[in-house]
Amino acid sequence: LVLHEMMAQEDDLHIGDFSDDQQWILEQCALIKQEIQAYLVIEGAERLIEQRFWLTDDKKNRLCSGRVDFLAVDRDKKSGLLIDYKTGWKGAADAARNMQLRWLAALVFFNLDLDTLFVSVVQPRVREEQFSIARYERKNMVAALAAMKRALERVDQPNAPRVPGMYCDYCHGKAICPEARVVVARLSKFPWKSLDGKEASRFLDMCLVAEKIAKAVRAHYGLRLADEGDCLPGYTVGRKTTRIIPSNTAAYAKLRAINKVSKQEFFEGCCRLRLDSFIGMVARRYDMTFRSARDWVEQILGDAAYHKESNPFPRAFGKGSRKRFTKLLEDAGLREGADDQSESDDDGE
């Protein structure tokens, strides 16, 4: 939350105690946001940071809510720009297909009655597509809001079924969810070797869900063992302890003070540089973009840096080709992000 609040600011990005990696994320998000805002000029915009918006019924009862990372609104022109920051390594769906942004757009429309809303996913760690933009017109937001209300009606039905899916990754209840346990049980009996094509892809998706569920179950029972002791026959509490040196500079200074190690011995003997961290440091030091710093560093290092490949594994990828930043910005003003989804919603999904 602190990183999100800092990313929403335009100045004083170096306030507080942040690691080099966090500083790089802050700077990259700020640069990308400036690039987006330079293209999507919203005059006299009101800036809303970490703002929560509620959907209510006719009696003002709260039904659901969502919090936006950054929102710039021109209330006179009824237009706005919404940015959602993703700081992890796993890429999110692009803005035109992102369900989280779609629900946020519906909530913003419900509360502010905008005619146009640009939505953007900013994910600096994802090299292929660090940001994407889509445009929601009024008709798209109306359709998204209608779809949200229909979904809430289904959820509110007595004994409404829970349908496991990739979204289980974000659910805090997956460790005790009956439907989640069914997924794991079915996968163990499924004739997966005979699958191919779309069926195999769907099976792999559910395997990822099962892995998340199993991890949550282990964490759940680990906490129980820590609190209750011998509550699970055959199991005891296990803990992993990692000793770290937070500052190489401080450690080297202490060893150098007693003449026990030279600088070259210290770094060659026990330190291994992570290439992305090194590139980020170069980018900050010489005021370069990450992409420019990466090209420069890899050219200079040559054979001193190499890519270590793992065993082959299936990796999910999004639909559509990747586009350069300038192309994304140009297209954002011309395409309507929710057209395909709003049409399917009008048909009742």
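This text goes with the structure placed above it.
Let me begin by describing the structure that accompanies this report.

Conventions and cut-offs
The numbering scheme is per chain: residues are counted from 1 as the chain's sequence reads. For this predicted model, a pLDDT threshold of at least 70 governs which residues receive local features, and a threshold of 80 or more governs which side-chain atom pairs are given and counted, while totals over whole chains, interfaces and linings are taken from all residues. By convention in this description, side-chain values take in all heavy atoms of the structure and omit both hydrogens and water. Only DSSP runs of H or I covering at least 4 residues are called helices, and only runs of E covering at least 2 are called strands; the numbering of each starts at the N terminus. All accessible areas in this document rest on Shrake-Rupley with a 1.4 Å probe, and a residue is counted as covered only by the protein chains that are shown. Each patch is built from salt-bridge-free residues with over 30% relative accessible area, joining like charges within 9 Å and nonpolar side chains (Val, Leu, Ile, Met, Phe, Trp, Tyr) within 5 Å. By convention in these notes, a salt bridge is any Lys or Arg side-chain nitrogen within 4 Å of a carboxyl oxygen on Asp or Glu. When accessible area is computed with a 1.4 Å probe and restricted to protein chains, residues below 20% of their type maximum are described as buried, those above 50% as exposed, and intermediate ones as partly exposed. At least two DSSP bridges between two strands are required for those strands to pair. Here an axis means a line fitted to C-alpha atoms, over the contact stretch when the element is a helix, while the angle between two N-to-C directions is reported on a 0 to 180 degree scale. Convention used here: a crossover is right-handed provided that the path from the first strand, over the helix, to the second strand proceeds clockwise when the strands point away from the viewer. For classification, angles of less than 35 degrees are called roughly parallel, those exceeding 145 degrees roughly antiparallel, those between 65 and 115 degrees roughly perpendicular, and all remaining angles oblique. For any pair of crossing helices, the crossing counts as left-handed if the nearer helix is rotated counterclockwise from the farther one by less than a right angle, and right-handed if it is rotated clockwise. Residue contacts are defined here by distance: any two heavy atoms, one from each residue, within 4.5 Å place the two residues in contact. By the convention adopted, Pro, Cys, Tyr, Trp, Phe, Met, Ile, Leu, Val and Ala count as nonpolar, Lys, Arg, Asp and Glu as charged, and the other residues, Gly among them, as polar. To estimate how far a helix should extend, the number of its residues minus one is multiplied by 1.5 Å. Directions are taken from the helix axis to each C-beta atom, and the arc is the one they span.

1. Focus: the overall build of the protein chain
When helices and strands are counted, the protein chain shows 12 helices and 5 strands. Of the roughly 23500 Å² of accessible surface on the protein chain, 52% is carried by carbon and sulfur atoms.

2. Considering a nonpolar patch on the surface
On the surface, a cluster of nonpolar side chains totalling about 390 Å² of accessible area is made up of V163, Y167 and Y170. Within the element layout of this structure, V163 appears in the loop between helix 4 (138–155) and helix 5 (178–189). Take V163: its relative accessible area is 56%, and that puts it in the exposed class.

3. Looking at the sheet that holds strand 2 (residues 62–74)
Pairing is mixed in the open sheet, where 5 strands are placed in the order 1-2-3-4-5. Two strands close off the open sheet at either side, each with one partner strand: strand 1 (46–56) and strand 5 (131–137). Each neighbouring strand pair of the sheet contributes to a mean axis angle of 35 degrees, computed without reference to strand direction. The sheet contact formed by strand 2 and strand 3 (residues 79–85) spans 5 bridges and is antiparallel.

4. Brief notes about the pairing of strand 3
Side-chain positions along a regular strand alternate between the two faces of the sheet. Extensive coverage of strand 3 is indicated by the burial of 7 of its 7 residues. Along strand 3, one buried face is formed by S79, L81, I83 and Y85 and the opposite face, lined by G80, L82 and D84, is buried too. Following strand 2, the chain reverses through 4 residues before pairing antiparallel with strand 3; K78 in that reversal takes a positive phi of roughly 55 degrees. Sheet topology places strand 3 next to strand 4 (residues 116–122); 7 bridges connect them, and they run parallel. By the bridge assignment, D84 is partnered in strand 4 with V121. Handedness of the crossover joining strand 3 and strand 4 through helix 3 (residues 99–112) is recorded here as right-handed.

5. Concerning the packing of helix 5 against helix 6 (residues 197–228)
Between helix 5 and helix 6, whose axes approach to 9 Å, the crossing angle comes to 120 degrees. Classified by the angle their axes make, helix 5 and helix 6 are oblique. In the packing of helix 5 onto helix 6, the handedness of the crossing is left-handed. Residues A180, V183, V184 and L187 of helix 5 form the contact with helix 6, whose participating residues are F203, M206, C207, A210 and I213. For the contact of helix 5 with helix 6, the class distribution of residues is 9 nonpolar, no polar and no charged.

6. Here's the deal with the pattern of salt bridges
Taken as a whole and judged by the stated rule, the model has 9 salt bridges. Between K78 and D113 there is a salt bridge, and its shortest N-O distance comes to 3.3 Å. Taken together, the positions of K78 in the loop between strand 2 and strand 3 and D113 in the loop between helix 3 and strand 4 put the pair 35 residues apart, joining distant regions of the chain. Taking relative accessible area as the criterion, K78 reaches 30% and is therefore assigned partly exposed. On the basis of relative accessibility, which here comes to 32%, the residue D113 falls in the partly exposed class. Via salt bridges that share partners, K78, D113, D115 and R138 belong to a single interconnected network.

7. Some remarks on helix 10 (residues 290–301)
The terminal C-alpha atoms of helix 10 lie 16 Å apart, and with 12 residues this matches the ideal 16 Å at 1.5 Å per residue to within 8%. Along helix 10, the residues that are buried comprise F290, A293, R294 and V297. The arc enclosing the buried residues of helix 10, seen along the axis, measures out at 100 degrees, which places them on a common side. Residue G302 follows helix 10 closely and has a positive phi angle near 60 degrees.

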